[in-house]
Amino acid sequence: LAVARRDAEQVKMVKDYGTRELYGLSQCLTILSALWFDPLWKESGICQLAGFIVFVLGVSLRVWAIRTLGEYYSHVVRTIDQHRIVETGPYSLLRHPAYAGMITAHLGIVILYFNCVSLPIFLLLLVPSIVIRILIEEKTLFGIEGYADFARDGKRIIPCVW
């Protein structure tokens, strides 16, 4: 009963504004288009290897980020009691390494199965939806003590850029 009550309270605190569904749909469209349409690569080669390596690096970064967050990780934008800012692991390099990993993994898929449909979906739907998600999420994070200092010192998803 206590867990159900806590979960109900957390649902009240959700501040996603539909961004979870938007980037989820964008992920699906990116992957499905990569698999559905014929790749421009006619033979297996260095491009597929590069795509696979980029994919593995992206998944690894995302898993590392999620494990580092531990109880603070969620698919919904929310805070929990005694929420604190995590500054270790990949968070010592980036503010949003889980999203950076997600983008990198999908870029790997786009490279691996490169075609004229999946690249525009990735660039025009997935990446912007994740950027919007980050901006919405940060509205909540700036309410947590210490996040403003953390944000001032680190880039969001691309080191030295944004």
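Thresholds applied
- Residues numbered from 1 in each chain as written.
- Predicted model: local features only at pLDDT ≥ 70, side-chain atom pairs only at ≥ 80, totals over all residues.
- Heavy atoms only, no water.
- Helix = DSSP H or I, 4+ residues; strand = E, 2+ residues; numbered from the N terminus.
- Buried < 20%, exposed > 50% of the residue type's maximum accessible area, 1.4 Å probe, protein only.
- Contact = heavy atoms within 4.5 Å.
- Areas by Shrake-Rupley, 256 points an atom, 1.4 Å probe, with all protein chains shown as cover.
- Lys, Arg positive; Asp, Glu negative; His and termini not counted.
- Charge placed at Lys NZ, Arg CZ, Asp CG, Glu CD.
- Expected span 1.5 Å × (residues − 1).
- Arc of directions from axis to C-beta.
- Salt bridge = Lys/Arg side-chain N within 4 Å of Asp/Glu carboxyl O.
- Axes fitted to C-alpha atoms, helices over the stretch in contact; angles between N-to-C directions.
- Parallel < 35°, antiparallel > 145°, perpendicular 65-115°, else oblique.
- Nonpolar A, V, L, I, M, F, W, Y, C, P; charged D, E, K, R; others polar.

A. The arrangement of the overall build of the protein in detail. A tally of regular secondary structure across the protein gives 6 helices and 0 strands. When the helices and strands of the protein are placed in sequence order, the string is α-α-α-α-α-α. Here the C-alpha coordinates of the protein stretch approximately 55 × 35 × 25 Å along the principal axes. Burial analysis of the protein (162 residues in total) assigns 38% to the buried set. Look at the contacts in the protein between residues 6 or more apart in sequence, and 78% of them connect residues 24 or more apart. Entry remark: accessible area of the protein is about 9,700 Å², with carbon and sulfur atoms responsible for 66%. Within the protein, the 14 negative side-chain charges are centred at a point lying 2 Å from the centre of the 16 positive side-chain charges.

B. Representation of the environment of Phe 150 within the structure. Relative to the elements of secondary structure, Phe 150 occurs in helix 6 (residues 147-153). Of the residues examined, Phe 150 reaches a relative accessible area of 10% and is grouped as buried. Here Phe 150 is in contact with Ile 85, Val 86, Glu 87, Tyr 91, Leu 94 and Arg 95, once residues within four sequence places are set aside.

C. Broad picture of helix 2 (residues 19-36). The terminal C-alpha atoms of helix 2 lie 25 Å apart, and with 18 residues this matches the ideal 26 Å at 1.5 Å per residue to within 8%. Among the residues making up helix 2, those that are buried are Thr 19, Tyr 23, Ser 26, Gln 27, Thr 30, Ser 33 and Ala 34. End-on, the buried residues of helix 2 take up no more than an arc of 145 degrees, which puts them together on one face. Along helix 2, the residues that are exposed and aim more than 90 degrees away from the buried face are Leu 32, Leu 35 and Trp 36. Those residues of helix 2 that are buried lie in contact with helix 4 (97-112) and helix 5 (118-141).

D. Seen up close, the pattern of salt bridges. All told, the structure shown has 7 salt bridges when counted by the stated rule. The salt bridge partner of Glu 21 is Arg 20, with a shortest N-O separation of 3.6 Å. Here Arg 152 makes a salt bridge to Asp 149, at a shortest N to O gap of 2.1 Å. In this pair, Arg 152 and Asp 149 both sit in helix 6, 3 residues apart, roughly one turn of the helix. Taking the relative accessible area as the measure of exposure, Arg 152 reaches 59% and is therefore exposed. Look at Asp 149 and you get partly exposed, because its relative accessible area is 42%.

E. Up close: the packing of helix 4 against helix 5. Taken N-terminus to C-terminus, the directions of helix 4 and helix 5 make an angle of 175 degrees; their axes are 11 Å apart at the nearest point. Between helix 4 and helix 5, the angle falls in the class roughly antiparallel. In contact with Tyr 99, Met 102, Ile 103, His 106, Leu 107 and Val 110 of helix 4, helix 5 contributes Ser 118, Leu 119, Phe 122, Leu 126, Val 127, Ile 130, Arg 133, Ile 134 and Glu 137. Tallied by class, residues from the contact of helix 4 with helix 5 come to 11 nonpolar, 2 polar and 2 charged.

F. Summary view of the environment of Gly 101. Topologically, Gly 101 is positioned in helix 4. Overall, the relative accessible area of 0% leaves Gly 101 in the buried class. When the C-alpha positions of Gly 101 and Leu 61 are compared, they lie 4.9 Å apart, and in sequence the two are 40 residues distant. Those residues in contact with Gly 101 that lie beyond four places of it in its chain are Gly 58, Val 59, Leu 61 and Arg 62.

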